Structures are given as C-alpha cells and as structure tokens.
Amino acid sequence: MQKIAIPLIAGDGVGPEVTSASVSIIDAAVSKAYSDRAVEWLPVPAGQKAYEELGTYMPDSTLEAFRKYGLGLKGPLTTPVGGGIRSLNVYLRQNLDLYVCLRPIRWFSGVESPVKHPEKVNMVVFRENTEDIYAGIEWECGTPQASRFYSFLKDEMGVEKVRFPETSSFGVKPVSKEGTRRLVRAACRYAVDNNLPSVTLVHKGNIMKFTEGGFRKWGYELALEEFGDYISSGKLEVKDCICDAFLQNALLKPEDYSVIATLNLNGDYISDMLAAQVGGIGIAPGANINYEKGLAIFEATHGTAPDIAGKNIVNPCSNLLSGVMLLEHIGWNRAAQLIYSALERSFVEGYATQDLARLMSNGNSLSTSEFVKRIIELI
C-alpha cells in the first residue's frame, strides 16, 4: 500500500465541517481509483483552538510538519478585522515563502451563473503571494512612525503630493525583479506543461510605472529568456493587459485568456471576480505553492462563516476542490477526475447545498452531510 502523509488543519468556524467533508470524499475517490494507495491525514493545530489549548495560533510544530511533508490541506482560519492577530493565512505564506497563490477557475455544468456563457471562463490565476500589499508594510495615521515616514518623504525625497499629511496613513508596496521572475516562470511552466495557449501579465504599469511597470518588464524578460522557443514556435503566447481593462475583458471575452500572472492586490480582485462568473467563491479552490522548494498548501478560499458554523448547511466544495488540486499535484489524477465527474453529475441533476441549489431551476437543497453522502455514492 502506497500511503502519502498529508498534514491537515481543520480550521475555525465552518472549517472542521468542510475539511471533514473533503477528507471523506477524497478518501472514497482514492479507494475507488486505486487498490494500492491511501492518504494518511495528520491533524495539526492552528487557529483559535490551538490558541486556547497551546497559547499560540500557529505552533512551530505545524510549520515543521508542512516543511517535512511538503504538502497540506487546511480549512479557513479566523483573522480579526482591524486589529488582533495578523492573518494566519498571510503568516503561512510569508513564513514558508509560498510565493504562488494558485486559483483555477472553471464552470461546472448545472451551476447557475450571473453571466450568459460561464463555460467560456476557464482560467488559472497565478497571484504573487509574498510582495505588494502582502508585505504588510504600513503605518497608521497619527503615530510617530507615520510622522517620521512623511518627514522622510518630504525632506529627503522631495515628495510634495501628500494632500493631507497629518491624517494620512502610509503603506509601502515592494515589487522585486526576483519575485516577479519566479512567479512568471511558474505561470509559463504551467501553461507549457498543460498545453495552454497563453500567459497574460495583468498589471497597472501605466500609473505605477516602477512597481507594476517593473512586473510587466521583468515578466516579459523572463518569458523570452526561458520560454523563447515556445513563444517563437507559436506554442505559447505571452501578452499583457492593464488590470482595469482585464476586468472588463474577462466579462466580454473570457475565452481570450487561459493563464493569468499578476501581483497580489490585482490577483485578489481578479480571482474572486472570476469565481463569481462560474457560481461563486463557494466552488473556488486555491493553493499556496513554492515550486522551487516543493511546498504546497491547499485551502478553502472563503472565510470561517461563524454564523453558519455547526448548522450542517455549509458548502464544502471550495475546500474539496482544493483537495482535488492536491490530488492532481501529486499525480493522482484518476481520483481527482472521479470527484470532478461526481460533482458535475450532482449539479446537473440539481442536487447541491442550499447556497447553490436555491439558484437552480431544478434545485434540490441538501445538507452538508447529505451532499457528502451523495457525492460518495456517485463516486
């Protein structure tokens, strides 16, 4: 029996429900697809429960487990708004240098969408995960640090365009050549390996000429240096688009795009907007990956939803599909395809959790546990 050990963070709020559902379905698919393979799930502590029991939101042992096994699946973790602990998701990405936020977007037949042709939306977003706003470099207005920073801008750098300096907060947006190159390298490699036609660099380089403009410049340089043969032979097209124009184009002509490489904040907007076109963030998976170190953590892209936690109504598909990405990542594609097929059949027949079923003309609303049972039966 080939067993692969995968650390598992249950998460906060609805986290334990969606991770439990995902584990049950993944185990069923692996068992059906292979007679000699299995997943050994290794629960590791993180989040509110870890804090209550261990006095820390992210124990060192959890980070070490991810480093040791190179994989992980996690549910959503609580992040207070406006204060309290730093985002645990950001902490994981920064600490483990998971520089790619990978967000594939695809439509499942049977799922209602606000657009006419959701089947045309088939993209994979490579969002830079460690720079831009995720660097977390900012100072609150009224603090001595903000005052010193403004004095530096004004006195040392000659900046005179801060309109209300006394009541301004400040942030710094680092964008590096190295960070850009490794992201665009991963995006181009993914496109080539999966026979996808194009990589689009999405940026705001017309205004932020040295940060986002640098991203565009360095991205093209990397593509030509390392993938020039694919580009010259017509196997790969590398192009760019201003971010606001891309948001329009993604609605008007989504079929023009396949792989998207972009910076952090743009990628945040883009991935959620694209998810809405295919039915919402409830069926949008995600992963955080360092391709150079061989580290990958797969996670639900939604929040903890404490208002519905424990009510047996949460849609587990975001976390489940992230687990399917994990299966594909390790090459267990037969099991992954069984889950894809079971989900699509269930949606076509109108069986889904309430958030999706209520929008279907033939919708039959299932509880979380009923939905899990149905998908396993279809597998």
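For the structure itself, look to the data block above.
Let us look at the structure shown here. Here the structure is a predicted model, which is why all the values come from computation and not from measurement. Throughout this description, residue numbers start from 1 for each chain and increase along the sequence as written. In keeping with the predicted nature of the model, local features appear solely for residues at pLDDT of at least 70, side-chain atom pairs appear and are counted solely at 80 or more, and the whole-chain, interface and lining totals rest on all residues. Water and hydrogen atoms were dropped before computing side-chain values, which therefore reflect all heavy atoms in the structure.

1. Regarding the overall build of the protein
- Along the backbone of the protein there are 13 helices and 14 strands.
- If you line up the protein on its principal axes, its C-alpha atoms span 70 × 55 × 45 Å.
- Per-residue burial for the protein yields a buried fraction of 51% across its 379 residues.
- For the protein, the proportion of contacts with a sequence separation of at least 24, taken over those separated by at least 6, is 74%.
- Both charge centroids of the protein, one from 38 positive and one from 44 negative side chains, sit 3 Å from each other. Helix and strand assignments come from DSSP, with helices taken as H or I runs of at least 4 residues and strands as E runs of at least 2, each series counted from the N terminus. Between buried and exposed lies partly exposed: a residue is buried under 20% and exposed over 50% of the maximum accessible area for its type, with that area taken using a 1.4 Å probe on protein chains only. Contacts were defined at the residue level, with two residues in contact if any of their heavy atoms lie within 4.5 Å. His is not counted, nor are the chain ends, whereas Lys and Arg count as positive and Asp and Glu as negative. For charged residues, the charge sits on one atom: NZ in Lys, CZ in Arg, CG in Asp, CD in Glu.

2. Focus: the sheet that holds strand β4 (residues 100-105)
- Strands sit in the order β2-β1-β3-β12-β11-β4-β5-β10-β8-β9 across an open sheet of 10 strands; the sheet is mixed. The open sheet is flanked by β2 (37-43) and β9 (237-242), the only strands paired with a single partner. When the angles between neighbouring strand axes are averaged without regard to direction, this sheet yields 25°.
- For every element, the axis is a line fit to its C-alpha atoms; helices are fit only across the contacting stretch, and the angle between N-to-C directions ranges from 0 to 180 degrees. Of the strands in this sheet, β1 (2-9), β2 and β3 (71-74) touch helix α1 (residues 15-33), which is tilted by about 160° from β2. Note: two strands are recorded as paired if DSSP finds a minimum of 2 bridges between them.

3. What to know about the packing of aromatic side chains
- We call Phe, Tyr and Trp rings a pair once their centres come within 6.5 Å, taking the six-membered ring for Trp, and we label the pair stacked below 30 degrees between planes, edge-to-face above 60, and tilted otherwise. According to the stated counting rule, one finds 11 aromatic pairs in the structure shown.
- Note on Y51 and Y57: the rings are 4.3 Å apart at their centroids and 10° apart in plane angle, and the pair reads as stacked.
- For Y51, a relative accessible area of 39% puts it in the partly exposed group.
- Taken together through their ring pairs, the aromatic side chains of F108, Y340, F347 and F371 make up a single cluster.
- Looking at R106, its charged tip hangs above the ring of Y340, at a distance of 4.8 Å from the centre.
- Lying across the ring of Y351, R374 places its NZ or CZ 3.9 Å from the centre. Counting as a charge over the ring demands two things of the Lys NZ or Arg CZ atom: a distance within 6 Å of the ring centre and an angle within 35 degrees of the ring normal.

4. Brief notes about helix α3 (residues 60-69)
- Along α3, the residues classified as buried are T62, L63, A65 and F66. In an axial view of α3, the angular spread of the buried residues amounts to 155°, which keeps them on one side of the axis. Seen from the buried face of α3, the exposed residues on the opposite side, beyond 90 degrees, are D60 and K68.
- Those residues of α3 that are buried are in contact with β1, β3, α4 (88-95) and β12 (295-300).
- Directly beyond the C-terminal end of α3, a positive phi value near 75° is found at G70. As used here, the arc is the angular range of directions from the helix axis to the C-beta atoms.

5. Focus: unusual backbone geometry
- Located in the positive-phi region is A305, a residue other than glycine, with phi close to 45°.
- By relative accessible area, A305 is classed as partly exposed at 26%.
- A positive phi angle is found at N312, which is not glycine, with a value near 60°.
- Mapped onto the secondary structure, N312 falls in the loop between β12 and α10 (317-329).

6. A few points about the side chain of T19
- Of note, T19 is situated in helix α1.
- Side-chain polar atoms of T19 contact the backbone oxygen of A10, separated by 3.5 Å.
- Discounting chain neighbours no more than four positions away, the residues touching T19 are L8, I9, A10, K74, G75 and N319. Polar contact criterion, stated in full: a pair of N or O atoms within 3.5 Å, where within protein one must be able to donate a hydrogen and the other to accept it, and residues adjacent in sequence count only if both atoms are side-chain atoms.

7. Quick look at the packing of helix α6 (residues 177-193) against helix α7 (residues 212-232)
- As a packed pair, α6 and α7 sit with axes 9 Å apart at the nearest point and diverge in direction by 40°. By the angle between their directions, the pair α6 and α7 is classed as oblique. Read as a crossing pair, α6 and α7 show a hand that is right-handed. Packed against α6, whose contacting residues are K177, T180, R181, L183, V184, R185, C188, R189 and V192, the element α7 presents F215, W218, G219, E221, L222, A223, E225, E226, F227 and Y230 at the interface.
- Amino acids are sorted into nonpolar (Ala, Val, Leu, Ile, Met, Phe, Trp, Tyr, Cys and Pro), charged (Asp, Glu, Lys and Arg) and polar (every other residue, Gly among them). Residues belonging to the contact of α6 with α7 are distributed by class as follows: 10 nonpolar, two polar and seven charged. Throughout this description, any angle smaller than 35 degrees is read as roughly parallel, any larger than 145 degrees as roughly antiparallel, any in the 65 to 115 degree range as roughly perpendicular, and the remainder as oblique. With the far helix as reference, a near helix turned anticlockwise by less than a right angle produces a left-handed crossing, and one turned clockwise produces a right-handed crossing.

8. Let's talk about the state of the cysteines
- Note on disulfides: each one is a pair of cysteine sulfur atoms within 2.5 Å. Under the counting rule described, the total for this entry stands at zero disulfides.
- Free of any disulfide, C101 has its nearest cysteine sulfur in C243, 17 Å distant.
- We classify C101 as buried; its relative accessible area is 4%.
- In this structure C241 is a free cysteine whose sulfur lies 8.5 Å from that of C243, the closest cysteine sulfur available.

9. Digging into the nonpolar core
- The biggest cluster of nonpolar side chains holds 71 residues, and the ones touching the most others in it are F126, V199, I339, L343 and F347.
- If sequence neighbours within four positions are ignored, F126 has contacts with V100, C101, L102, L183, A186, A187, Y190, V259, I260, A261, T262 and Y291.
- Residues belong to one nonpolar core when they are buried, are Ala, Val, Leu, Ile, Met, Phe, Trp, Tyr or Cys, and are joined through side-chain atoms within 4.5 Å. Core analysis: the second largest hydrophobic core is formed by 15 residues, L63, A65, L88 and L96 among them.

10. Looking at α10
- Multiply 1.5 Å by the residue count of a helix minus one, and that product is the helix's expected span. The terminal C-alpha atoms of α10, which comprises 13 residues, lie 18 Å apart, in line with the 18 Å expected from a rise of 1.5 Å per residue.
- By the criterion of burial, α10 is predominantly enclosed, with 11 of the 13 residues buried.
- Along α10, the residues that are buried comprise C317, S318, N319, L320, L321, S322, G323, V324, M325, L326 and L327.

11. Observations regarding the environment of A336
- Position of A336 among the secondary structure elements: in helix α11 (residues 333-348).
- Between the C-alpha atoms of A336 and L326, which are 10 residues apart in sequence, the distance is 8.7 Å.
- The residues contacting A336, other than those within four sequence positions of it, are V324, L327 and E328.

12. Re the pattern of salt bridges
- A carboxyl oxygen of Asp or Glu within 4 Å of a side-chain nitrogen of Lys or Arg is what we treat as a salt bridge. Summed over the entire model, instances satisfying the criterion amount to 19 salt bridges.
- Ionic pairing is found between D132 and K173, a salt bridge with its closest N-O pair at 2.6 Å. Here the residue D132 occupies a position in the loop between β5 (123-128) and β6 (137-139), and K173 occupies one in the loop between β7 (170-172) and α6, the gap between them amounting to 41 residues.
- For K173, a relative accessible area of 24% corresponds to the partly exposed category.
- Of the charged contacts in the structure, one is a salt bridge between R185 and E226, with a shortest N-O distance of 2.8 Å.

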